[in-house]
Amino acid sequence: MKKFLAALLVLMLSLSVIALPTFAEGENMILTAIADDPETMDPTPCSWSRSPRVLQNLFKGLYKLDADGVTYVPAMAESYVLSDDGLTYTFTLRDGMVWSDGSPLTAYDFEYSWLRVLDPEVNSNCASDLWVVKNGKAYYNGECGVEEVGVKALDEKTFEVVVETPTPWLINLTATTSFFPVCKAVVEANENWTTDIATYICNGPFMLQEYSSLSRLVMVPNPNYYCADEIKIDGVVFNIIPEAEAELTAYKNGELNVSGNLNGNAVAQFAGTDEFHTSGKIGIQYCDFNCQLPEFSDKRVRQAFAMAIDRNALLDALGIVEPAVYGFVPYAQPALTDPTKSYREIAGDMFSEDVAAAQALLAEAGYPNGEGFPVVQIVTKNDPTQKLMAQIIGEMWKANLGIQYEPDTRESSVYWSDLADGKFSVDRNGYTCDYTYCGANLAIWVTGSNASENGWDDPVYDEMYTNTLYIVDPAEREAALIECEKYLVDQMPGMPVYSYDNQYLVKPEVNGVICNAIGHIYYEYCTIG
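Residues numbered from 1 in each chain as written. Predicted model: local features only at pLDDT ≥ 70, side-chain atom pairs only at ≥ 80, totals over all residues. Heavy atoms only, no water.

Regarding the overall build of the protein chain
For step 1, the next point in the chain: A tally of regular secondary structure across the protein chain gives 16 helices and 21 strands.
For step 2, the next point in the chain: Here the C-alpha atoms of the protein chain give a radius of gyration of 23 Å, agreeing with the 24 Å that 2.2 N^0.38 yields for 529 residues.
For step 3, the next point in the chain: Viewed in the frame of its principal axes, the protein chain has a C-alpha envelope of about 70 × 55 × 45 Å.
For step 4, the next point in the chain: In the protein chain, buried positions account for 57% of the 529 residues.
For step 5, the next point in the chain: In the protein chain, of all internal contacts separated by at least 6 residues, the share reaching a separation of at least 24 is 69%.
For step 6, the next point in the chain: Of the roughly 20200 Å² of accessible surface on the protein chain, 49% is carried by carbon and sulfur atoms.
For step 7, the next point in the chain: Across the protein chain, the mean location of the 32 positive side-chain charges is 2 Å away from that of the 74 negative side-chain charges. (Helix = DSSP H or I, 4+ residues; strand = E, 2+ residues; numbered from the N terminus. Rg over C-alpha atoms; globule rule 2.2 N^0.38 Å. Buried < 20%, exposed > 50% of the residue type's maximum accessible area, 1.4 Å probe, protein only. Contact = heavy atoms within 4.5 Å. Areas by Shrake-Rupley, 256 points an atom, 1.4 Å probe, with all protein chains shown as cover. Lys, Arg positive; Asp, Glu negative; His and termini not counted. Charge placed at Lys NZ, Arg CZ, Asp CG, Glu CD.)

Structure below.
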């Protein structure tokens, strides 16, 4: 979850303009951390990784993840009916749903919010998430009117959704950030509604009490949440701690009781203890090649670079215990044909590390022993682990391919905009999908979708992926997705490095912390003591 600059929300001040509950620090509170200000506090454009850790606790969609961390259960919706052709979902909202300010929450808010994500004028970073909706992509591309999009409030309690193709993962999608409702009346009245606690209206188990930029963010229970009486904690404090080592120190000192930004030192100290928790995460870490540059426009060059590094040696040096991956779908995505296996087990590795073969490919592309190849600018954020990763990868390319490289760090405030503008040769990137479907990690490489920094557009790939959506039989669809991934690996617009895992620490007195496959931690079900 990533993309362009947030809309200056780091300028939010700590406001106390309305009377809200107070708390005694540490008493029945979850004390956790976040590395920086949330990129945005608006669900509509949110495709980053940090913001949803907050937004998932402030908002709720039609469905939500249950306390078991696996099952999706009704939230704002009471139920839904699916048409015989599998294309029309009719959701019925619960009676008496309201926003945190007590105003009615209706199906019209959902219609407004979903269309807002798709509105090309809004330019949401996650518009492609809603391309599953009938004419969602066409509307975003200006090819049809808003009235032709398959979302419609039939009345205040009934919300109809028509999808382009059978989409059995739609219910899971409604629990993700970009499918959350925002209050139409509030948003239309004030375009800066997220920058003032007085206008920050939400509908989740918690509401915003305090936001001190670059310091902390405090959430307290929302008394108007539909099951507010089930919230057993007094709130959540997100302390902003940029460095993982500093977060580890705070956790060990008892200043935090939940920690989700673990470095190798934290894993080494806590792995195997009752405080260390791990689960599969549906994302990968990868590097983009700037395919718009002449030297990276040749797939043989991209293949050579991907084959010429030692991923396990890299991960060992970085203290990362997550597994190396040789494809674009992570290990946590389930197979379509066998629920006991992952897609990765069925599909297998798509390529291998082979220095000799990489050297031959680079020579074939016209750069024997790296001769004549421009200096490779490896761009990362100004982060110790990322900078070390760039240096190690660069040294591997230098030793194995004769390539000269130059590490280049950028501040978070300009990182994603620089990538979007093509100001790099190779970058450090990553993407975690919003739902458990093996095709989700392949969908982000479709033209105009989320993985756009590389500048790679391929109509052949677009057609291959689109065709998989019309295959109903799970075995046939899985086979088609495998062929799609093989083509993607052959083109190698990015270089897979490792598959993500969720890793977090929880103090013994805290119970009910759950982490979804995206990596978002939920506090709705927590108890302390």
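After that view, the rundown keeps rolling.
Quick look at the pattern of salt bridges
For step 1, the next point in the chain: Evaluation of the coordinates by the stated rule reveals 13 salt bridges.
For step 2, the next point in the chain: Between Glu210 and Arg216 there is a salt bridge; the shortest N-O distance is 3.2 Å.
For step 3, the next point in the chain: When its relative accessible area of 16% is taken as the criterion, Glu210 is described as buried.
For step 4, the next point in the chain: We note a salt bridge from Arg311 to Glu353, for which the minimum N-O separation is 3.2 Å. Here Glu353 lies in the loop between α10 (343–347) and α11 (355–364) and Arg311 lies in helix α9 (residues 311–318), a separation of 42 residues in the sequence. (Salt bridge = Lys/Arg side-chain N within 4 Å of Asp/Glu carboxyl O.)

Concerning the state of the cysteines
For step 1, the next point in the chain: Within the structure shown, the criterion is met by zero disulfides.
For step 2, the next point in the chain: The closest cysteine sulfur to the non-disulfide-bonded Cys438 is located on Cys433, 11 Å from its own sulfur. (Disulfide = S-S within 2.5 Å.)

Describing helix α12 (residues 384–401)
For step 1, the next point in the chain: Under the 1.5 Å per step criterion, the end-to-end length of α12 is 25 Å for 18 residues, consistent within 8% with the ideal 26 Å.
For step 2, the next point in the chain: Turning to α12, its buried residues number three or more, namely Gln386, Met389, Ala390, Ile392, Ile393, Gly394, Met396, Trp397 and Leu401.
For step 3, the next point in the chain: Residue Asp383 occupies the N-cap position of α12, its side-chain oxygen lying 3.0 Å from the main-chain nitrogen of Thr385. (Expected span 1.5 Å × (residues − 1). Polar contact = N/O pair within 3.5 Å; in protein donor to acceptor, adjacent residues only side chain to side chain.)

Quick look at the packing of aromatic side chains
For step 1, the next point in the chain: Enumeration over the complete set of coordinates arrives at 31 aromatic pairs.
For step 2, the next point in the chain: Judged by centre distance (6.0 Å) and plane angle (80°), the rings of Phe59 and Tyr200 are edge-to-face. Placement of the pair is Phe59 in the loop between α1 (51–58) and β2 (63–65) and Tyr200 in the loop between α5 (184–189) and β8 (206–212), with a sequence separation of 141 residues.
For step 3, the next point in the chain: According to the relative accessible area criterion, Phe59 is buried, its value standing at 0%.
For step 4, the next point in the chain: According to the relative accessible area criterion, Tyr200 is buried, its value standing at 3%.
For step 5, the next point in the chain: Ring geometry for Tyr80 against Tyr89: centres 5.7 Å apart, planes inclined by 40°, an arrangement best described as tilted.
For step 6, the next point in the chain: The class of Tyr89 is buried, set by a relative accessible area of 3%. (Phe/Tyr/Trp six-rings, centres within 6.5 Å; stacked < 30°, edge-to-face > 60°.)

Looking at the environment of Gly422
For step 1, the next point in the chain: Within the fold, Gly422 resides in the loop between α13 (412–420) and β15 (426–427).
For step 2, the next point in the chain: Expressed as a C-alpha distance, the spacing of Gly422 and Asn290, which sit 132 residues apart in the sequence, is 6.8 Å.

Things to note about the nonpolar core
For step 1, the next point in the chain: Formed by 151 residues in total, the largest nonpolar core has its most connected members in Trp114, Phe159, Val161, Phe305, Val376, Trp397 and Tyr523.
For step 2, the next point in the chain: Membership of the second largest hydrophobic core comes to twelve residues, among which are Ala250, Leu262, Phe276 and Leu505. (Core = buried A, V, L, I, M, F, W, Y, C linked by side-chain atoms within 4.5 Å.)

With respect to the sheet that holds β8
For step 1, the next point in the chain: Strand order in the open sheet formed by four strands is β1-β10-β9-β8, and the pairing between neighbours is mixed. Edge positions in the sheet fall to β1 (29–34) and β8, since each has one partner strand and no second. Going from strand to strand, the sheet's axes swing by 20° on average, the running direction of each strand aside.
For step 2, the next point in the chain: Pairing of β8 with strand β9 (residues 216–221), which is carried by six bridges, proceeds in the antiparallel orientation. By the bridge assignment, Tyr211 is partnered in β9 with Leu217. (Pairing = 2+ DSSP bridges. Axes fitted to C-alpha atoms, helices over the stretch in contact; angles between N-to-C directions.)

Thoughts on the sheet that holds β15
For step 1, the next point in the chain: The three strands lie next to each other as β14-β13-β15, forming an open sheet whose pairing is parallel. Each of the sheet's edge strands pairs with one partner strand only, and the pair in question is β14 (405–410) and β15.
For step 2, the next point in the chain: Of the pairings in the sheet, the one linking strand β13 (residues 376–381) to β15 comprises two bridges and is parallel in character. Across the sheet, residue Ile378 finds its bridge partner in β15, namely Val426.
For step 3, the next point in the chain: α12 contacts β13, β14 and β15 of the sheet and is inclined by roughly 160° relative to β13.

Quick word on the pairing of strand β4 (residues 77–82)
For step 1, the next point in the chain: Of the pairings in the sheet, the one linking β4 to strand β5 (residues 88–93) comprises five bridges and is antiparallel in character. Bridged to Ala77 within β5 is Leu93.
For step 2, the next point in the chain: Between β4 and β5, which follow one another and run antiparallel, lie five residues, and Gly86 among them has a positive phi close to 75°.

Details of the side chain of Glu322
For step 1, the next point in the chain: Looking at where Glu322 falls in the secondary structure, it is placed in the loop between α9 and α10.
For step 2, the next point in the chain: A polar contact is formed between the side chain of Glu322 and the backbone nitrogen of Asp501, at a distance of 2.5 Å.
For step 3, the next point in the chain: Setting aside its immediate chain neighbours within four residues, Glu322 contacts Leu315, Tyr498, Ser499, Tyr500, Asp501 and Gln503.

Purely geometric stuff here, so don't read any function into it on its own.
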